[in-house]
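Results of the structural survey
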Amino acid sequence: RQYREECLSGFVKFLNDKQVPLGPRPDPLSVLATDAAMAAWAGQGLPSDRVSCENGSIMTNSQRWCLIIDPQLQGIVWIKNKEADNGLQITRMGHSKMLN
């Protein structure tokens, strides 16, 4: 959490230096996700705390694959539920058919 806040303050400083107009408290989460989207994620199994919603917004707005560090396996469950209709296939690095 602290790392994200440091990144945000650095980005806000950068935008201010470039004279980009900002509100009093810029919030990337409100730009990247709607309340309806976050409610849908909660229905798919993603916890509704701030950090989980930030992770969900990063996942849904990324153009490439995101690295997931998920010790409680909450994000994995959410991704499986979210992508079930899209034919998501799960594999492990040690699988015998996995390509190197």
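Residues numbered from 1 in each chain as written. Predicted model: local features only at pLDDT ≥ 70, side-chain atom pairs only at ≥ 80, totals over all residues. Heavy atoms only, no water.

Things to note about the environment of Asp-35
With respect to the helices and strands, Asp-35 occurs in helix H3 (residues 35–43). With a relative accessible area of 65%, Asp-35 lands in the exposed category. With 18 residues separating them along the chain, Asp-35 and Cys-53 place their C-alpha atoms 9.9 Å apart. (Helix = DSSP H or I, 4+ residues; strand = E, 2+ residues; numbered from the N terminus. Buried < 20%, exposed > 50% of the residue type's maximum accessible area, 1.4 Å probe, protein only.)

Comments concerning the packing of helix H4 (residues 50–61) against helix H5 (residues 74–82)
H5 packs onto H4 with a crossing angle of 45 degrees between their chain directions and a minimal axis gap of 12 Å. By the angle between their axes, H4 is oblique relative to H5. Remark: the crossing between H4 and H5 carries right-handed chirality. In this structure, H4 uses Gly-56, Met-59 and Thr-60 to contact H5, whose residues at the interface are Trp-78, Ile-79 and Lys-82. A class-by-class count of the residues in the contact of H4 with H5 yields three nonpolar, two polar and one charged. (Axes fitted to C-alpha atoms, helices over the stretch in contact; angles between N-to-C directions. Parallel < 35°, antiparallel > 145°, perpendicular 65-115°, else oblique. Left-handed = near helix turned anticlockwise from the far one by under 90°. Contact = heavy atoms within 4.5 Å. Nonpolar A, V, L, I, M, F, W, Y, C, P; charged D, E, K, R; others polar.)

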